[in-house]
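Letter by letter, the chains look like this.
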Amino acid sequence: MAGVAGRVERRSGISLWRQIADQIRQAIGSGEFDEKLPPEMTLAERFGVNRHTVRGAISALVQEGVLRAEQGRGTFIERKQRLAYPIGARTRFSEGLQGQAKDRRGILLAHAIEPADQRTIVALGLTEGDKVVRLETLSEADGRPISRATSFFPGERFPGIEKLYAQSGSVTTALKSFDVVDYFRRSTLISARHASDADLADLRLSPGAIVIATVYTNVDPDERPIQFSETRFAADLVELSVS
């Protein structure tokens, strides 16, 4: 356990179990642990907490798929390789995970027709008062949710896109119904942050989990903006490859 910091800050505003979970995650990422975690009592002594707090940290990491608990045997490290998701000029969810996941699908969680806010107006080249179609979507790979997105489409150009997406589970397929046979990524901003309550629930993460957020604009072949989105990826499941 020498490589793990082994210290928790009791007045940091971050729960002790979350701090411990993050330190265990770092140790796993650095290769410090082999196949199995030390016993709970050993971890409790290391971090200066009780076993209940350690158990909470381990439970969170089990829920996130980082660890696997086996009754009577201990807690083991899941050696699942992250999905590599490419970010490029022609980013597509299904194509990006081809060969890594057998079943890939998108789910419509919610939708609304609403006035575009200032950020969306700028991104989509709209004017004050223009309406957009907002889609809240969840993307799964082999039954595991890996990303949650909020997307905006110009309402006048794409009326009813929510129904087409609900039927196909694909933005690309839905856009083809509007004669958008191809589109390109104009810009992408990438950041990391703690997951929101909605993302925690839909991505099946524990409180305090980290998501990788991408904010991007897609344009058609005529350079007309067609989609402005923010996608949040579960950081333990996906790594982004920018080309």
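Data block above holds the structure.
Just so it is clear, the structure is predicted and the values come from calculations on it, not from any experiment.

Conventions used here
Residues numbered from 1 in each chain as written. Predicted model: local features only at pLDDT ≥ 70, side-chain atom pairs only at ≥ 80, totals over all residues. Heavy atoms only, no water. Helix = DSSP H or I, 4+ residues; strand = E, 2+ residues; numbered from the N terminus. Buried < 20%, exposed > 50% of the residue type's maximum accessible area, 1.4 Å probe, protein only. Contact = heavy atoms within 4.5 Å. Pairing = 2+ DSSP bridges. Axes fitted to C-alpha atoms, helices over the stretch in contact; angles between N-to-C directions. Arc of directions from axis to C-beta.

Caption draft 1: Just the overall build of the protein chain, in detail. Per the secondary structure count, the protein chain includes eight helices and ten strands. Projected onto its principal axes, the C-alpha positions of the protein chain cover 60 × 40 × 30 Å. Out of the 243 residues in the protein chain, the part that is buried amounts to 45%. Counted over contacts in the protein chain with a minimum sequence separation of 6, partners at least 24 positions apart contribute 59%.

Caption draft 2: Highlighting the sheet that holds strand E9 (residues 225-234). Ordered in space as E4-E5-E6-E9-E8-E7, the six strands form an open sheet in which the pairing is antiparallel. Only two strands of the sheet have a single partner each, and these edge strands are strand E4 (104-115) and strand E7 (184-194). Strand after strand, the sheet turns through a mean of 15° between neighbouring axes, direction not considered. As paired elements, E7 and strand E8 (residues 210-219) share ten bridges and run antiparallel to each other. Paired with His194 across the strands is Ile210, a residue of E8.

Caption draft 3: Layout of helix H6 (residues 161-168). Of all the positions in H6, only Ile161, Glu162 and Tyr165 are classed as buried. Projected onto a plane normal to the axis of H6, the buried residues spread over an arc of 100° and lie on a single side. In this structure, H6 carries Lys163 and Gln167 as exposed residues pointing more than 90 degrees from its buried face. In the core, the buried residues of H6 are packed alongside E4, strand E5 (131-141), strand E6 (144-154) and helix H7 (171-176).

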